[in-house]
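Observations on the three-dimensional arrangement
Residues per chain, in single letters:
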Amino acid sequence: MRVPLLDLHGQMAPLRDEILAAVIEVIDSTQYILGPKVEQFEKNIAAYCGAGYGIGVASGTDALLAALMALGIGPGDAVLTTPYSFFATMGCILRLGARPVFADIDPVTYNIDPARMAEVLAQDALGDKRIKAIIPVHLYGQCADMDRILALAKQYGLPVVEDAAQAIGAVYPMKMGGHTAWHRAGSMGEAGCFSFFPSKNLGGIGDGGLITCNDPELAERLRIIRVHGGAPKYHHGVVGGNFRIDPIQTVVLDIKLSRLPEWHKARRRNAAAYRRLFAQTDLLANGAVSLPEAVYQAEGLTVGEECDYHIYNQFVIRVKDRDGLLRHLQSHDVGAEIYYPIPLHRQGCLAGLGYEEISFPEAERAALETLALPIFPELTYEMQCFVVEKIAEFYTR
Ligand SMILES: *Cc1c(COP(=O)(O)O)cnc(C)c1O
């Protein structure tokens, strides 16, 4: 049996005719840049995320870049973020001439650890106060600990840009004044950044991204930055870029958005099936494998199991002899992948900038011990049984 890490055929097949019709409509309209289809999509995503505004851009990377530009991040500034994410989180900081400052991750969620952030921020406040923004990443589809992150942001007067590229629709139970309010990823900070790269839970037929925000002035600034900073056209009070999303992507994404809740549910069902299958082995008890935790589930109160606390963009396990297991799975045609093998502070582009001496032990350990298993919505139970069987086989040889 072959089990791919991701197979998009299953989700495209039932939507193909609807998508083709929508794409043909765009082609025939000759409205190829921005316009009503993009605006409709922006409204739909903002509503889904519970944010005031949505600004469609060309990729998740451009979403991060434009958000940092709109907040005025530039040379000499520092941005506090996680050392364990996709490169774009840090790349955007560096492209603006700013410097990433890291706080280590929580070993259970792999998200930035607020306790470590507090130490970094306190030190910065005593020194040159260079940190001008915070980028938490909602890694693998589960929100970072936003209550504590927003409290720190408030204490130090810093804007928060949520990298929600892997977490569209993920729910965070925010505690405010003694009661809990449910917020979706991207609606809690100054700006939320989304990616529609095909492997994300909501993926286009190419690149795409979007920024959410609640401040109308920031939304306006982002719309201007998206078109080279021209407002009105050909009058450039600020420098922007060409960060536009294509209507041909937004019509596809709009169709897919209507299916997103059921796809989230299918990923959650697959995660639950893995939990049952692993529990039938001794891999959990003997410590060979530990499974990802939906840490806000316990706070579920009324919403419980049926809530998207974790949207499982990836199902990442921590294992003994990770590289051996990966080779074993590959040799049996089981797709698995390391997200991410090199923490950001160890990337070659930072060589000589003083990051060599710094260590973030949890990020480094995650890079050595974790592995993502197939979790896409159309994955079958038989495939999951095969995956767990092959993993058990590896540890009982
Ligand atoms: C996918 C991703 C991005 C970048 O999105 P693109 O659309 O590929 O540019 C940024 N951050 C994280 C955490 C991601 O997973």
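Residue positions within a chain follow its written sequence, with the count starting from 1. Given that the model is predicted, a residue must reach a pLDDT of at least 70 before its local features are reported, and side-chain atom pairs must reach 80 or more before they are shown or counted; all residues, however, enter totals for whole chains, interfaces and linings. Note that the side-chain values use all heavy atoms of the structure and ignore hydrogens as well as water.

Only DSSP runs of H or I covering at least 4 residues are called helices, and only runs of E covering at least 2 are called strands; the numbering of each starts at the N terminus. Inspection of the secondary structure puts Tyr172 in strand β6 (residues 171-176). Taking relative accessible area as the criterion, Tyr172 reaches 1% and is therefore assigned buried. C-alpha separation for the pair Tyr172 and Asp147, spaced 25 residues apart in sequence, amounts to 9.1 Å. Among the polar contacts made by the side chain of Tyr172, one reaches the main-chain amide nitrogen of Met146 at a distance of 3.3 Å. Relative accessible area decides the class of each residue, using a 1.4 Å probe on protein chains only: under 20% of the type maximum gives buried, over 50% gives exposed, and in between gives partly exposed. We call two N or O atoms a polar contact when they sit within 3.5 Å, provided that within protein one can donate a hydrogen and the other can accept it, with sequence-adjacent residues counted only if both atoms are side-chain atoms.

For the rest of this paragraph, the subject is the domain arrangement of the protein chain. Domain parsing of the protein chain yields domain 1 (9-257) and domain 2 (260-395). Domain 1 and domain 2 are separated by 24 Å when their C-alpha centres are compared. The contact rule is simple, with two residues in contact once any of their heavy atoms fall within 4.5 Å. Domain 1 puts 47 residues into the contact, and the matching count from domain 2 is 42 residues. Summed over both partners, the interface of domain 1 with domain 2 buries about 3,800 Å², with 61% contributed by carbon and sulfur atoms. Where each domain begins and ends is defined by an automated method or by a domain database. Summed over both partners, the accessible surface that disappears when two parts come together, traced with a 1.4 Å probe, is what is meant by buried area.

Attention now goes to the packing of aromatic side chains. Any Phe, Tyr or Trp ring, taking Trp's six-membered ring, that has another such ring centre within 6.5 Å forms a pair; planes under 30 degrees apart are called stacked, those over 60 apart edge-to-face, and the others tilted. Counted by the stated rule, this structure contains 12 aromatic pairs. With a centroid separation of 6.2 Å and 80° between ring planes, the pair formed by Tyr84 and Tyr340 is classed as edge-to-face. Of the two residues, Tyr84 sits in the loop between β2 (78-81) and α5 (88-95) while Tyr340 sits in the loop between α11 (322-331) and α12 (361-369), which places them 256 residues apart along the sequence. Its relative accessible area of 13% is what places Tyr340 among the buried residues. Sitting over the ring of Tyr48, Arg184 keeps its end group 4.6 Å from the ring centre. Any Lys NZ or Arg CZ found within 6 Å of a ring centre and within 35 degrees of that ring's normal is scored as a charge over the ring.

The next point concerns unusual backbone geometry. Geometrically, the link from Ala231 to Pro232 is a cis peptide bond, its omega value of -10° lying close to zero. Relative to the elements of secondary structure, Pro232 occurs in the loop between α8 (216-226) and α9 (247-257). Its identity is not glycine, yet Tyr110 carries a phi of approximately 65°, on the positive side. Within the element layout of this structure, Tyr110 appears in the loop between β3 (99-102) and α6 (114-126).

What follows deals with the side chain of Arg318. Structurally, Arg318 can be placed in strand β11 (residues 315-319). A distance of 2.9 Å separates a polar side-chain atom of Arg318 from the backbone oxygen of Pro107.

For the rest of this paragraph, the subject is the sheet that holds β11. In this analysis, strands are considered paired if DSSP registers two or more bridges between them. Taken together, three strands build an open sheet; the order of strands is β10-β11-β12 and the sheet is antiparallel. Two strands close off the open sheet at either side, each with one partner strand: β10 (289-290) and β12 (370-373). By the bridge criterion, four bridges tie β11 to β12 in an arrangement that is antiparallel. Residue pairing for β12: Phe315 is matched across the bridge by Leu373. In this analysis an axis means a line fitted to C-alpha atoms, helices contributing only their contacting stretch, and an angle means the value between N-to-C directions, from 0 to 180 degrees. Seen against the sheet, α12 touches β11 and β12 and runs at an angle of roughly 95° to β11.

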